[in-house]
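# Working through the structure, step by step
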Amino acid sequence: MRILILGGDGYLGWPSSMHFANKGHEVWSVDNYLRRDIASETDSDPLFPNPKLPERAKIFEAACGKKINVVEGDCADFEFMSELFEKVQPEAVIHYAEQPSAPYSMRGFDEASLTLDNNLKATFNVIWAIMKYAPDCHLIKLGTMGEYGTPNIDIEEGWLDVEHKGRKQKFLYPRQAGSLYHTTKVLDTDLLWFYVRTHELRVTDLMQGPVYGFITPEAEMDDRLKPNFHYDDIFGTLINRFLVQAVSGTPLTVYGKGGQTRGYLDIRDTLQCVELALKNPVEKGEMRILNQFVEQFSVNEMADRVKTVGDHMGLNVEVKSIPNPRKEAEDHYYNAANTGFKELGLKPHILTDDVLAEMLGQVADYKGQIDKDKIMPRVSWNKVA
Ligand code: USQ
């Protein structure tokens, strides 16, 4: 298939570009390096440097003989997107091209405004470029489990059957996100659902939980093919941060009471899920929503797991609750459905002690490069800057 990967330089976009090219698809990987710019502006450099897309694509081609077509440009620019879609004529679009950090979106007016403009504009442009130049193409869009928030009822897979005064209808599951970044994903979902209803788009919207790890089969071919791995407070996600903290001898940063529960997944399962979505396209005029996570853990459970495995490896891991910089429930009900991908054939990677030990070992290879000043939270949810 001819696949456009938007946000192809990112933590998920680059491994996806390699994965689909390696499987023989014609891959077009697109990025304007917004995440890199924000990382350098906020002093949030990843654990190891990553070459930019043209260089990565060359290394990849030398390693396995497969090609990734690279295009540097901004998905929030409709002229650029029009030319791109007209030229590539994609059969599928995988859309990761958004500012992905919740803390960054809460840093102040400029960051909030950039997140809102960039994320909504990119999605709006993708929708219009598809309608104008590739109306049959299947859009696979990365949303987030954070769209649902932490409701006091079970989280269903995208939709909820509502019975009201004796009548019934299925609606989008109620959404109440906990950051402006997560809210942009809620708005994306509304936009997609509107255009699916009016213009017969084909859309799969993936509600993904926090991802962990950085080793995918293609990244094992050459160290320079690894995805960007962040452990700072802006771009680092919980498990990746805890791995780096354990290796560097920094107490694990549990925010507040640590009862915050989320659905997590291995980066290799992100690739599997996106591939399953691609292989099972929806009909025109259909919007499928899939909850993309494998296992639920609270922050405390995760800290205990990392401590147990780390201590066994002689790391002497400490766990410390620190004041929560976010405004979120710290002790709540959480039970989310995730049957859709299982029905499509997902063979999940489970976070066993062996997997944790393996990841701690991989991070330990970079121990000398860990900057402990990047660990403590710098962004508070309730400040107006
Ligand atoms: N947390 C800690 N200590 C830390 C870091 C985080 O206790 O050092 C807590 C947070 O307060 C939160 C939970 O761990 O309750 C998860 O935080 P996270 O930073 O791993 O995830 P989040 O900010 O929600 O965002 C990440 C990705 C985002 C994706 C989302 C999926 O950055 O792009 O959409 O995970 S989800 O969380 O399901 O919405």
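Scroll up to find the structure.
What you see is a predicted model; the values in this text were computed from it and never measured. (Residues numbered from 1 in each chain as written. Predicted model: local features only at pLDDT ≥ 70, side-chain atom pairs only at ≥ 80, totals over all residues. Heavy atoms only, no water.)

### Things to note about the packing of aromatic side chains
Two numbers describe a pair of aromatic rings. These are the distance of the centres and the angle of the planes. Applying the stated rule across the entire model yields 11 aromatic pairs. Between the aromatic rings of Tyr-148 and Tyr-173, the centroid separation amounts to 5.3 Å while the plane-to-plane angle is 85 degrees, which identifies the pairing as edge-to-face. One end of the pair, Tyr-148, is in the loop between β5 (138-144) and β6 (159-164); the other, Tyr-173, is in the loop between β7 (167-172) and α7 (180-199), and 25 residues separate them in sequence. Here Tyr-148 and Tyr-173 have matching classes, each one buried. For the pair Tyr-264 and Phe-297, a centre-to-centre distance of 6.2 Å together with 45 degrees between the ring planes defines the contact as tilted. (Phe/Tyr/Trp six-rings, centres within 6.5 Å; stacked < 30°, edge-to-face > 60°. Helix = DSSP H or I, 4+ residues; strand = E, 2+ residues; numbered from the N terminus. Buried < 20%, exposed > 50% of the residue type's maximum accessible area, 1.4 Å probe, protein only.)

### Things to note about the site of the ligand
Around the ligand sit 22 residues, and of these Thr-144, Tyr-181, Leu-238, Thr-253 and Glu-328 come closest. Tyr-181 is positioned with one of its side-chain polar atoms (N or O) 2.7 Å from an oxygen atom of the ligand. Within the side chain of His-182, an N or O atom sits 3.0 Å from an oxygen atom of the ligand. Considered on its own, the ligand offers 730 Å² of accessible surface; in the complex 93% of this is hidden by protein. At the level of secondary structure, the elements contributing two or more residues to the shell around the ligand comprise α7, α8 (238-248) and β10 (252-255). Residues of the shell around the ligand, tallied by class, amount to 9 nonpolar, 9 polar and 4 charged. (Near = heavy atom within 4 Å. Polar contact = N/O pair within 3.5 Å; in protein donor to acceptor, adjacent residues only side chain to side chain. Areas by Shrake-Rupley, 256 points an atom, 1.4 Å probe, with all protein chains shown as cover. Nonpolar A, V, L, I, M, F, W, Y, C, P; charged D, E, K, R; others polar.)

### What to know about helix α1 (residues 13-22)
In an α-helix, one turn spans 3.6 residues, which is why side chains three or four residues apart end up on the same side. Most of α1 is tucked away: 9 of the 10 residues are buried. Of all the residues in α1, the buried ones are Gly-13, Trp-14, Pro-15, Ser-16, Ser-17, Met-18, His-19, Phe-20 and Ala-21. As for α1, its buried residues are in contact with β1 (2-6), β2 (26-31), α3 (53-64), β3 (68-72), β4 (92-95) and α9 (267-279). Gly-24 sits one or two residues past α1 and shows a positive phi near 95 degrees. (Contact = heavy atoms within 4.5 Å.)

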